[in-house]
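In case you want the letters, here they are:
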Amino acid sequence: LQLTEIYREGNKLVVIEKYAIEPAFTQDDDDKKYYFDLNPHVIRQATVAPKTLVRTSPLQLDHPTHIRYKAVVLLPEPWDIEDLNGNIKTPAFAYRSSVRYKQNTLTTEYELRTLVNHIPAADVVEHARKLEDVRDDAYYYLSYAPATATAPAPYKLSIAMMFAVIGGIVVG
């Protein structure tokens, strides 16, 4: 980790970090593919569902909360990556995500903003479901299967082929 910048911009704190990750990809034991995970942990931590869903009192939120997470990954070679956009909006929060790829650079951005300081008790179950939708969306990974060297198939000479070759030599 190399912390390159930390500064205030108005009422927000900006932290810029750079990483050189070796090895960047880890191999899964089951499918033998290699994976690189992009996990916007601050978004995922902020969207943990409340423990008590069935309640009689409102659910208090940490408001105002506004989190933006951006990761830029410089890839050593071209990848086939499709751009993606996500949006989830409720009376309690607004969330957006994007995945963009251009010239060997993958950029993921996630943003979460609370809109109110509490949720009525009757709406907590639906709120928890939407938080889970955010947690499902706030994750991206790259994967590849290593090229396997394939040995040439062994040559099999059948009895019929052997007689055809011998017959060809004898007749010829």
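Attention here is on the structure that accompanies the text. (Residues numbered from 1 in each chain as written. Predicted model: local features only at pLDDT ≥ 70, side-chain atom pairs only at ≥ 80, totals over all residues. Heavy atoms only, no water.)

1. What about the overall build of the protein chain?
As a reminder of what qualifies: A run of H or I in DSSP counts as a helix once it spans at least four residues, and a run of E counts as a strand once it spans at least two, with each numbered from the N terminus. Only protein chains enter the calculation, and the probe is 1.4 Å; a residue is then buried if its accessible area is under 20% of its type maximum, exposed if over 50%, and partly exposed in between. We call two residues contacting when some pair of their heavy atoms lies within 4.5 Å. Accessibility throughout is a Shrake-Rupley quantity obtained with a 1.4 Å probe, and a residue counts as covered only by protein chains that appear here.
What the protein chain contains, in helices and strands, is 3 helices and 11 strands. Counting every position in the protein chain, which comprises 172 residues, the buried fraction comes to 27%. For the protein chain, long-range pairs separated by at least 24 residues make up 66% of all intrachain contacts whose partners lie at least 6 apart in sequence. As displayed, the protein chain offers around 12800 Å² of accessible surface, 54% of which is attributable to carbon and sulfur atoms.

2. So, the sheet that holds strand 11 (residues 140-144)
Sheet strands pair via backbone hydrogen bonds, and the direction of the pair is either parallel or antiparallel. What counts, and what does not: DSSP-based pairing: two strands are paired if at least 2 bridges between them are found.
Pairing within the open sheet is antiparallel, and its 3 strands lie in the order 3-4-11. Single-partner strands in this sheet number two, and they are strand 3 (26-27) and strand 11. Both strand 4 (residues 34-38) and strand 11 contribute to a ladder of 5 bridges, which runs antiparallel. The residue of strand 11 that forms the bridge with Tyr 35 is Ser 143.

3. A short note on the sheet that holds strand 6 (residues 66-74)
Note the following rule: Here the axes come from fitting lines to C-alpha atoms, over the contacting stretch only for helices, and the angles between their N-to-C directions go from 0 to 180 degrees.
Pairing within the open sheet is antiparallel, and its 4 strands lie in the order 6-9-8-7. Two strands in the sheet have a free side with no partner beyond their single neighbour: strand 6 and strand 7 (84-89). Each neighbouring strand pair of the sheet contributes to a mean axis angle of 5°, computed without reference to strand direction. In this sheet, strand 8 (residues 93-102) lies alongside strand 7 in antiparallel orientation, the contact comprising 6 bridges. Bridge pairing links Ile 88 to Tyr 95 in strand 8. Relative to the sheet, helix 2 (residues 124-137) contacts strand 7, strand 8 and strand 9 (105-114), its axis offset from that of strand 8 by approximately 15°.

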